[in-house]
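Breakdown of the fold
So you can see what is in the structure, the chains are spelled out below.
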Amino acid sequence: MTSTTRGSAATALGAALLLSACLPPATETPLAIPDVTGYRLDVAEDMLTAAGFEHVYADNTISSTWVISWDEFAVVGQRQPPESLFDPADEVTLFVGPLGNPDTLAALAEDADVIDEVLAAQPDAGPAPEAAGAPDDRSAPAEFGLPDAYSVDRGQDVYGQPRQDRIRRDLADYVLEVRRVDPTTADSIAHAIMATPMAWCSLWLPRHTPENLTAWREAAASEAAQMAQEFGVEFTSVNTPPILAVMDVATSLAEERFCPEQGAQPGERVPQVPTGPAALPDGDHISMLDTSVDAMYFPRAFLGEEDTWTVEELTYAYVSMLAFPAYTFSGKQWPIDPDRAGAG
């Protein structure tokens, strides 16, 4: 029989503790992750805690809002698939969005546990089932029968997930009618047609007349032709007759549908505001997601942020598209001064 003295036992215990300190910590038994998508974030956290997961991280993949009050967000997805086995000591990541954000609503299933709260939190939300066919119902351009030319590249968010490309139904109906005039030409200036309602109704007509726009175009063409002559090169205006014909229909139709009162008094302020896609978003800074401009024209979009433009920058870009729809604009740089061209 082997006997162990108190001293030798202590020595053995010390050696065991030293050895254990050099070894990696033991991994806990993996647990199945519950499906918490569609729940309010704080409720989802409670469900995960009850299942044995104590480290929950929330990623706002819908907007740039910080996740502070967990009862104001909904879970729209999970990094770790439901029912997959996962170490409870590790961090569980949930993809979330603010209850009141329309994109959160779009990302949730109709039978989601949190759907009623999300619907109630929507801006000017009415009963959702009856609103399904309303003019501002949004969907991908292809679902309205529009070609890819009318799809706006919204870029990716900070998590590398593509932002949804959706447009209003009333804007899609407007575009479809403009296309009937000359589909090939219309598709070649799709970005300008998409921007025309807001550019014409909210940014041009309150200060200028249609004649001012014609004068601006002609002055710009004259300056370009003179410059081309000085350099000894040929100049051909980007505003071809087919393009101008399509734009005439676009502005007339935008005026008829979205701002008839303003159209009746061009160059003057009227009490009635444009409606639908012709309405200028509120605020001094306009989110790129509220424009028809690709994310590539917004510097911070490369970092996955929802970048903004000032109203002045938006006006510059949209009015440039209105005047020269075939021009590939930079979004913030335009060589022609409207005041010099007779638009002021």
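Scope of this entry: the structure provided in the associated data block. (Residues numbered from 1 in each chain as written. Predicted model: local features only at pLDDT ≥ 70, side-chain atom pairs only at ≥ 80, totals over all residues. Heavy atoms only, no water.)

1. Some points on the sheet that holds strand 2 (residues 56-60)
If you trace the 3 strands from one edge of the open sheet to the other, you get 2-5-3, paired in mixed fashion. Either end of the sheet is taken by a strand with one partner, and the two such strands are strand 2 and strand 3 (73-78). The average angle at which neighbouring strand axes cross in this sheet is 45°, direction not considered. In terms of strand pairing, strand 3 meets strand 5 (residues 92-98) through 5 bridges, oriented antiparallel. What sits directly across from Phe73, in strand 5, is Pro98. Against the sheet, helix 2 (residues 41-50) engages strand 2, strand 3 and strand 5, with an angle of about 165° to strand 5. (Pairing = 2+ DSSP bridges. Helix = DSSP H or I, 4+ residues; strand = E, 2+ residues; numbered from the N terminus. Axes fitted to C-alpha atoms, helices over the stretch in contact; angles between N-to-C directions. Contact = heavy atoms within 4.5 Å.)

2. Regarding the state of the cysteines
Scanning the entire structure with this criterion turns up 1 disulfide. In this model, Cys201 is linked to Cys259 through a disulfide, with the two sulfur atoms separated by 2.1 Å. Between Cys201 and Cys259, the S-S dihedral sits near -65°, and the bridge is therefore left-handed. Residue Cys201 is found in helix 7 (residues 190-204), and its partner Cys259 is found in the loop between helix 9 (241-258) and helix 10 (260-264); the two are separated by 58 residues along the sequence. Accessibility expressed as a relative area gives 1% for Cys201, which makes it buried. (Disulfide = S-S within 2.5 Å. Buried < 20%, exposed > 50% of the residue type's maximum accessible area, 1.4 Å probe, protein only.)

3. Details of the pattern of salt bridges
Evaluation of the coordinates by the stated rule reveals 10 salt bridges. For Asp137, the salt bridge goes to Arg169, with nearest N and O atoms at 3.4 Å. Of this pair, Asp137 sits in the loop between helix 4 (115-121) and strand 6 (138-139) while Arg169 sits in helix 5 (residues 169-179), and the two are 32 residues apart along the sequence. Overall, Arg169 belongs to the partly exposed group, its relative accessible area being 28%. (Salt bridge = Lys/Arg side-chain N within 4 Å of Asp/Glu carboxyl O.)

4. Regarding the pairing of strand 2
The side chains of a regular strand alternate, first on one face of the sheet and then on the other. Counting buried positions along strand 2 gives 4 out of 5 residues, so the element sits mostly inside the fold. Where strand 2 lies against strand 5, 5 bridges are found, and the strand directions are parallel. From the neighbouring strand, Asn60 faces strand 5, where its bridge partner is Val96.

5. A short note on the packing of aromatic side chains
Considering all chains together, one arrives at 4 aromatic pairs under this definition. Ring centres of Trp216 and Phe324 lie 6.1 Å apart, and the angle between their planes is 85°; on these two criteria the pair is classed as edge-to-face. Taken together, the residues Trp216 in helix 8 (residues 210-231) and Phe324 in the segment after helix 11 (311-323) connect sequence positions 108 residues apart. Taken individually, Trp216 and Phe324 each receive the classification buried, so the pair is uniform in this respect. Ring pairs connect the aromatic residues Trp204, Trp216 and Phe324, which therefore count as one cluster. (Phe/Tyr/Trp six-rings, centres within 6.5 Å; stacked < 30°, edge-to-face > 60°.)

6. Thoughts on the side chain of Ser202
Looking at the element boundaries, Ser202 is found in helix 7. Within the structure, Ser202 has its side chain in polar contact with the backbone oxygen of Ala278 (distance 2.4 Å). At a separation of 3.5 Å, a polar atom in the side chain of Ser202 contacts the main-chain amide nitrogen of Leu280. (Polar contact = N/O pair within 3.5 Å; in protein donor to acceptor, adjacent residues only side chain to side chain.)

7. A word on unusual backbone geometry
Non-glycine residue Glu83 carries a positive phi angle of around 75°. Tracing the chain through its elements places Glu83 in the loop between strand 3 and strand 4 (85-86). Exposure remark for Glu83: the relative accessible area of 57% places this residue in the exposed category.

8. Brief notes about the nonpolar core
By size, the foremost hydrophobic cluster in this structure holds 52 residues, and its most contacted members are Tyr150, Tyr174, Val175, Ile193, Trp204 and Tyr318. Of all the secondary structure elements, the ones that give two or more residues to this core are helix 5, helix 7, helix 8, helix 9 and helix 11. Every residue in contact with Tyr174, bar those within four places of it in the chain, is listed here: Ile193, Thr196, Pro197, Ala250, Leu253, Ala254, Arg257 and Phe258. Core analysis: the second largest hydrophobic core is formed by 14 residues, Phe53, Phe86, Leu94 and Val96 among them. (Core = buried A, V, L, I, M, F, W, Y, C linked by side-chain atoms within 4.5 Å.)

9. Notes on helix 8
Relative to the 32 Å expected for 22 residues at 1.5 Å per residue, helix 8 spans 32 Å between its end C-alpha atoms, a close match to the ideal helical length. Among the residues of helix 8, those classed as buried are Asn212, Leu213, Trp216, Arg217, Ala220 and Ala228. One side of helix 8 carries all its buried residues, which in axial view fall inside an arc of 145°. Away from its buried face by more than 90 degrees, helix 8 exposes Glu211, Glu218, Gln229 and Glu230. (Expected span 1.5 Å × (residues − 1). Arc of directions from axis to C-beta.)

10. So, the side chain of Asn101
In this fold, Asn101 is placed in the loop between strand 5 and helix 3 (102-107). Residues within four places of Asn101 in sequence aside, it is in contact with Ile62, Ser63 and Gln122.

11. What to know about the pairing of strand 5
Counting buried positions along strand 5 yields 7 of 7 residues, so the element is predominantly enclosed. Burial along strand 5 is two-sided: Val92, Leu94, Val96 and Pro98 facing one way and Thr93, Phe95 and Gly97 facing the other are all buried.

12. Considerations on the packing of helix 8 against helix 11
In the contact formed by helix 8 and helix 11, the axes pass within 10 Å of each other and the chain directions differ by 80°. One way to sum up the angle between helix 8 and helix 11 is to call them roughly perpendicular. Note on element contacts: helix 11 touches helix 8 through Val319, Leu322 and Ala323, opposite Leu213, Trp216 and Arg217. Taken together, the residues of the contact of helix 8 with helix 11 sort by class into 5 nonpolar, no polar and 1 charged. (Parallel < 35°, antiparallel > 145°, perpendicular 65-115°, else oblique. Nonpolar A, V, L, I, M, F, W, Y, C, P; charged D, E, K, R; others polar.)

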